[in-house]
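# Secondary and tertiary structure notes
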Amino acid sequence: MIKRLIVAWLACTVVCATGYAVADESVSRPDTGWFQDAGFGIFLHWGVYTVAEGRWNGLERKKDLWAEWLRHRAEISKADYEALARKFAPHDFDPRKWAGIFKNSGARYVVITAKHHDGFAMYKSKVSGFNIGEWPVDYNRDIIMDLGNAVRASGLDYGVYYSQKIDWQHEPDWGKKPEKFNDYLENIAMPQVEELLKRYTPLSIMWFDIGLSKQEDALRLEALVRKHSPRTLINSRIGGGISGDYASGGDNEVPPVPKDPPWESCMTLTHHWAHYPQDVYQRSATEVIRTLADIRSKGGNMLLNIGPDKDGNFDARDLVVLRRVGDWLALFGESIYGVGATPLARVPWGCVTRGKDGILYLHVFDMPPAGEVVLPGVVGEVDKAWMLGDPKKKAIEVLPDGDRDHRLVIPVQTVTAKALDASDMVLAVKLAPGAEFDQMYLLQDDLINEFKPATAILSGSATRKHERVVTTIEEDPAIERARHDDIAFLDQEGRLAWSFRTTHAADYHLVIDYAELSERPRVITVTLDGETFSAQLQTTPDDKLNRFRTLRVGTAAIRSDGEHSIAVTVTGGKPGEHVLFNGLRLVPTRTTLLDE
Ligand code: FHN
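We now turn to the structure provided with this report. Keep in mind it's a predicted model, so treat the numbers as computed, not measured.

Glancing now at the packing of aromatic side chains. Taken as a whole and judged by the stated rule, the model has 30 aromatic pairs. Measuring from centroid to centroid gives 5.8 Å for Trp34 and Phe35, while their planes differ by 85°, and the two rings are edge-to-face. Note on Trp168 and Trp174: the rings are 5.9 Å apart at their centroids and 35° apart in plane angle, and the pair reads as tilted. Of the residues examined, Trp168 reaches a relative accessible area of 7% and is grouped as buried. According to the relative accessible area criterion, Trp174 is partly exposed, its value standing at 29%. What links up through ring pairs into an aromatic cluster is the set Trp46, Phe88, Phe93, Trp98, Phe102, Phe120, Phe130, Trp135, Tyr139 and Phe314. One cation-aromatic arrangement involves Arg346 over Tyr441; the distance from NZ or CZ to the ring centre is 4.3 Å. Sitting above the plane of the Trp386 ring, Lys384 keeps its charged end 5.1 Å from the centroid.

Remark: helix 5 (residues 95-104) packs on helix 6 (residues 143-153), axes separated minimally by 8 Å, with the N-to-C direction vectors making an angle of 45°. In terms of their interaxial angle, helix 5 and helix 6 are classed as oblique. Crossing geometry of helix 5 relative to helix 6 is assigned as right-handed. For the pair formed by helix 5 and helix 6, the contact residues are Pro95, Arg96, Trp98, Ala99 and Phe102 on the first element and Asp146, Leu147, Ala150 and Val151 on the second. Tallied by class, residues from the contact of helix 5 with helix 6 come to seven nonpolar, no polar and two charged.

Here we come to the nonpolar core. With 101 residues, the main nonpolar core has Leu44, Phe102 and Ile144 as its most contacted residues. With nine residues, the single largest contributor to this core is helix 7 (residues 178-199). Ignoring sequence-local partners within four residues, the contact set of Ile144 consists of Ile112, Thr113, Ala114, Met122, Tyr123, Tyr158, Val160, Leu196 and Tyr200. If you look at the next biggest cluster of nonpolar residues, it comprises 32 residues, including Leu443, Tyr514, Val553 and Ile558.

Criteria and thresholds
- Residues numbered from 1 in each chain as written.
- Predicted model: local features only at pLDDT ≥ 70, side-chain atom pairs only at ≥ 80, totals over all residues.
- Heavy atoms only, no water.
- Phe/Tyr/Trp six-rings, centres within 6.5 Å; stacked < 30°, edge-to-face > 60°.
- Buried < 20%, exposed > 50% of the residue type's maximum accessible area, 1.4 Å probe, protein only.
- Lys NZ or Arg CZ within 6 Å of the ring centre and 35° of its normal.
- Axes fitted to C-alpha atoms, helices over the stretch in contact; angles between N-to-C directions.
- Helix = DSSP H or I, 4+ residues; strand = E, 2+ residues; numbered from the N terminus.
- Parallel < 35°, antiparallel > 145°, perpendicular 65-115°, else oblique.
- Left-handed = near helix turned anticlockwise from the far one by under 90°.
- Contact = heavy atoms within 4.5 Å.
- Nonpolar A, V, L, I, M, F, W, Y, C, P; charged D, E, K, R; others polar.
- Core = buried A, V, L, I, M, F, W, Y, C linked by side-chain atoms within 4.5 Å.

Structure, rendered in structure tokens:
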């Protein structure tokens, strides 16, 4: 106790000297348990930019103005943007209605943009006059206050997004002139963060974006948050190389393998963060549900973004997705809330989450033809298994398969159609105490088996990357799309390898996805338990939209049960001249899934 008191006294001394303290690691950090249990939040990008709907003097036909980046991408003058601010008047904004929509979506927390890069405060800031209380001609509701009260009243946690590094209104030089940036940080950013923390309390999350360059600045900003709101979580985009309380992944990025919690993936429903009605693309409810389950199976949270429109309403298509996701969570939420990452290897039919009481939740996206889901790698007894969508929790048949696999028989004819949910049909499995887990991948002879760069053992010169790729589409070149490709860079000095086990003999097509940009295409070889299968690659166009080509390298007969090894190498070409390898699939020939 004495030590903590001394630390507190020292921290206070530093505050008196500089105005903002430098966070002290020994100062206690907020609990992230609620965040890790919540698992699913709603992100809102809403501001003056929404009025323009991503359009500006026809420029949107030439390039994607990125909606909330409009001021910069359309090079709008200060005067013109301030004129736009006067037009912000979302008279349909109904915070209680919004809170009800978010609650019914199954989200457990909400994060809204209090100030984005445009510098406009969506609350009545006393630090800068460029705010909702002073600029719009006939609107001045304190949106951050009103929404926060409604969201909390609905039992959800509430946080705000703050752009601490970019502010085109107050710091148009983007930090190019350090003294100007320091002035912005001291006199705008930190005082605004302070007023947000003090006036809109309690804030569960301060969601910083575009990290600060200097660690000392980030530490001071962190100390400011700790001082005024010790329970508020900070994400890692605060910058300065500090971690915050949880890791923010890349935009729309789902890590290819589990990561240590807590972490969060923020994802758009369309291709834009702020409202962009001409966006022709939208994630389906199924994609949202499966991505949420996948993220949870890897230990993370999903923060799903929607962009309210200029009047304070939501696009019907967004509301439909939120309703469907909420309906699914109402029935299967036990497999999402309060769970942790899978204790098993990846599975070909979906993914697995693990409840605090040890129950495994099998998220089945792809139904095996025989209606039996193989639960691999559990060394121990299964006490009971049931369809999570069956309110009666009627036990389903469990057939041990060897000493570490179990076949769960789906009662297709007797269980309700709701329990057989098309997006994600969840099975619950209660294990007997003492169960252990074998994390070697089990090859299954009734589904497609993926071997991706992220799960490979790399050797030699082989490297890999979860690469963010931005493309435009033929139909609408003015709309950009972003994705992440799991890629290995393979030259003749490199090698990718995996181990797996089998319990049944079967034949498999060996299928790869690759890009060969060299004019002298190489030969690729798959080596399975010492047997080699080779094929000539074809030169592929350098087209990020249609990046990879599929090639069946051969067909392998696996006859022995037990452990196997498989590897991929290339021959020819110069060191450093890489084949882009996107994955190997073992496709059971019995399912004739390939066009011959
Ligand atoms: O530049 C911002 C962007 O506008 C949006 O707010 C996203 C959300 O994660 N963050 C930055 C880009 O990563």
